Amino acid sequence: MFTLAHLSDIHLSPMPRARRRDLMSKRIFGYVNWHRGRKLVHRREILDLLTHDIIERKPDHIAVTGDLVNLGLPEEFVRAAEWLHHLGPPSDVTAIPGNHDAYVRLHPERGTGHWQPYMRSNEAGELLVPTPPTLFPFVRRYGDIAIVALSSAIPTMPLLAAGHLGHVQRAYLADALERLGQEDLFRVVLIHHPPLKGQASWRRGLRDAGAFTKILKEKGAELVLHGHNHEQTEIEIDTVSGPAIVVGVPSASEAIEGSIPAARYNQYCIDRVDGGWRCEMVGRCVAASPQHVWESDRRVLTER
C-alpha cells in the first residue's frame, strides 16, 4: 500500500514586512485584503497542527498543491522553502505553485526557485517521461504510483485569480498520461486550480478547463488533486481507462471567522487489488475546542 497526503493553500503566516516599493503593483490589493481580514483566517497555529499530524502519521509521500505564499514577496518564498524542508525532504514531498505564488512576475531566483528541489522529477519518473524545457509537467514515480505535476499559476491583473496551462503543457500532459497508462501505473495528477468547467468563475477558474477535461477523458487518470477553492469536493469523471476522481481540499491554514477551524488535509491509501486499484480517502481536520486533528471521514473512492 502507498499512502499519499495532500494539502493545499498554505498561505503561510505571519506576513513579512512589506516595503513601500514592494506594494507598487497588484500586491497593494492583496496587502489591504490581508490586513482587513485574511490574516485572521489563515493562521499559523492551525497549519502547524496539520503539519505535525502529517509528520506523525508518516505517509509515503506528501503533495502540496500551491498557494504557499500570499503576496509573492521574496522573503515569503524563503520562509515557504523552510516550511517545506520541515515537512520533509524533496524525495518525499512534491510541490507545485498556485496563483498566489505567481502574484507578480518575479525572477525564479527570488521566487519559486527556492522550492526547485521539490518541483522536479525523480530518476524513475524521468526515465518514463522526460521533463520538457518548460519544467512542467514533471513526473515522479514511486513503484506503481506516478505523480504528474502541473503548473496552472500565471500572473494576472488585480482582482483576478485565474489559471492557465497552455497548449504546450497540455500536449506534454497528454503524452505523459498515455505513457504512464501503458505502464499500468496509478496516475495522480496535481494541479492548483479546479480543473473542470464550472468549478470556479471565469475570474478565478482555469481558463483551459475544457481542454484539460478532454485530455483527461481521452488519456485517463485515476486521481486528480487540486486546491484553490478552499473547500472539500469530489467529482467522478468517466475516462477511457475508467473513472477518474477529482478531489479538491480546503486550505491547510484556514479558520472560518478567525475562530472555527476549517483546515483539512486528505490522506489516500492506494493499493493494487486483484489486478485493479483500491483507493481510500481519509479526511483529517482541525477541531475547534480543544484544538486537535481528528479523522472527519473515511471512504473508498476507487475499487476496480
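Throughout what follows, the structure given in this document is the object of discussion. Quick caveat, the model's predicted, so the values are computed rather than measured.

Each value, and the rule that gives it
Residues numbered from 1 in each chain as written. Predicted model: local features only at pLDDT ≥ 70, side-chain atom pairs only at ≥ 80, totals over all residues. Heavy atoms only, no water. Axes fitted to C-alpha atoms, helices over the stretch in contact; angles between N-to-C directions. Helix = DSSP H or I, 4+ residues; strand = E, 2+ residues; numbered from the N terminus. Parallel < 35°, antiparallel > 145°, perpendicular 65-115°, else oblique. Left-handed = near helix turned anticlockwise from the far one by under 90°. Contact = heavy atoms within 4.5 Å. Nonpolar A, V, L, I, M, F, W, Y, C, P; charged D, E, K, R; others polar. Patch = residues over 30% accessible without salt bridge, like charges linked within 9 Å, V, L, I, M, F, W, Y side chains within 5 Å. Areas by Shrake-Rupley, 256 points an atom, 1.4 Å probe, with all protein chains shown as cover. Salt bridge = Lys/Arg side-chain N within 4 Å of Asp/Glu carboxyl O. Pairing = 2+ DSSP bridges. Phe/Tyr/Trp six-rings, centres within 6.5 Å; stacked < 30°, edge-to-face > 60°. Buried < 20%, exposed > 50% of the residue type's maximum accessible area, 1.4 Å probe, protein only. Lys NZ or Arg CZ within 6 Å of the ring centre and 35° of its normal. 1 Å grid on protein atoms, 1.4 Å probe; cavity = no way out; pocket = protein on both sides within 12 Å on 5 of 7 lines; lining within 4 Å. Points joined across faces, edges and corners; volume = space filled by probe spheres on them.

Relative placement of two packed helices is described by the angle separating their axes and the distance separating the axes. The contact between helix α5 (residues 167-182) and helix α6 (residues 209-219) brings their axes to 9 Å, and the two run at 15°. For the element pair α5 / α6, the angle class is roughly parallel. As α5 packs across α6, the resulting crossing turns out to be right-handed. Contacts between α5 and α6 involve R170, L173, A174, L177 and E178 from the former and A211, F212, I215 and K219 from the latter. Across the contact of α5 with α6, the residue classes break down as six nonpolar, no polar and three charged.

We now examine a nonpolar patch on the surface. Taken together, the side chains of I28, F29, V32 and L159 define a hydrophobic patch exposed on the protein surface, amounting to about 350 Å² of accessible area. Looking at where I28 falls in the secondary structure, it is placed in helix α1 (residues 27-41).

Strand order in the open sheet formed by six strands is β4-β5-β6-β7-β9-β8, with mixed pairing between adjacent strands. Looking at which strands have only one partner, the edges of the open sheet turn out to be β4 (138-142) and β8 (233-239). Adjacent strand axes in the sheet meet at a mean angle of 20° when their direction is disregarded. Each of β6 (186-190), β7 (223-226), β8 and β9 (242-248) is contacted by α6, which is oriented at about 55° to β8, the strand it contacts most.

Here we come to the packing of aromatic side chains. For the coordinates displayed, the defined rule picks out four aromatic pairs. Relative to W115, the ring of F77 has its centre 5.4 Å away and its plane inclined at 40°; by these criteria the two rings are tilted. Here W115 lies in the loop between β3 (93-96) and α4 (123-128) and F77 lies in helix α3 (residues 74-87), a separation of 38 residues in the sequence. Neither F77 nor W115 differs from the other in exposure class; each is buried. Here the aromatic rings of F136 and F138 are separated by 5.6 Å at their centres, their planes lie at 45°, and the arrangement is tilted. Here F136 matches F138 in class, with each residue buried. A cation sits over an aromatic face here: K26 above Y103, 4.6 Å from the ring centre. The ring centre of W202 lies 3.7 Å from the NZ or CZ of R207, which sits over that ring.

Attention shifts here to the pairing of strand β12 (residues 264-273). Summarising burial for β12: seven of the 10 residues are buried, a large majority. Two elements, strand β1 (residues 2-7) and β12, share five bridges in a ladder whose sense is antiparallel. Counted as the bridge partner of A5 is Q267 from β12. Inspection of the sheet shows β12 paired to strand β13 (residues 276-287) by 10 bridges, in the antiparallel sense. Across the sheet, residue C269 finds its bridge partner in β13, namely E280. Where β12 folds back onto β13 in an antiparallel hairpin, the turn is made up of two residues, including D274, whose phi is positive at roughly 50°.

Another aspect to go through is the layout of surface pockets. Estimated volume of the largest pocket: approximately 630 Å³. Taken together, the residues that form the lining of the largest pocket break down as 13 nonpolar, eight polar and two charged. Here the second largest pocket defines a volume of roughly 410 Å³. Of the residues that constitute the lining of the second largest pocket, the class distribution is seven nonpolar, eight polar and six charged.

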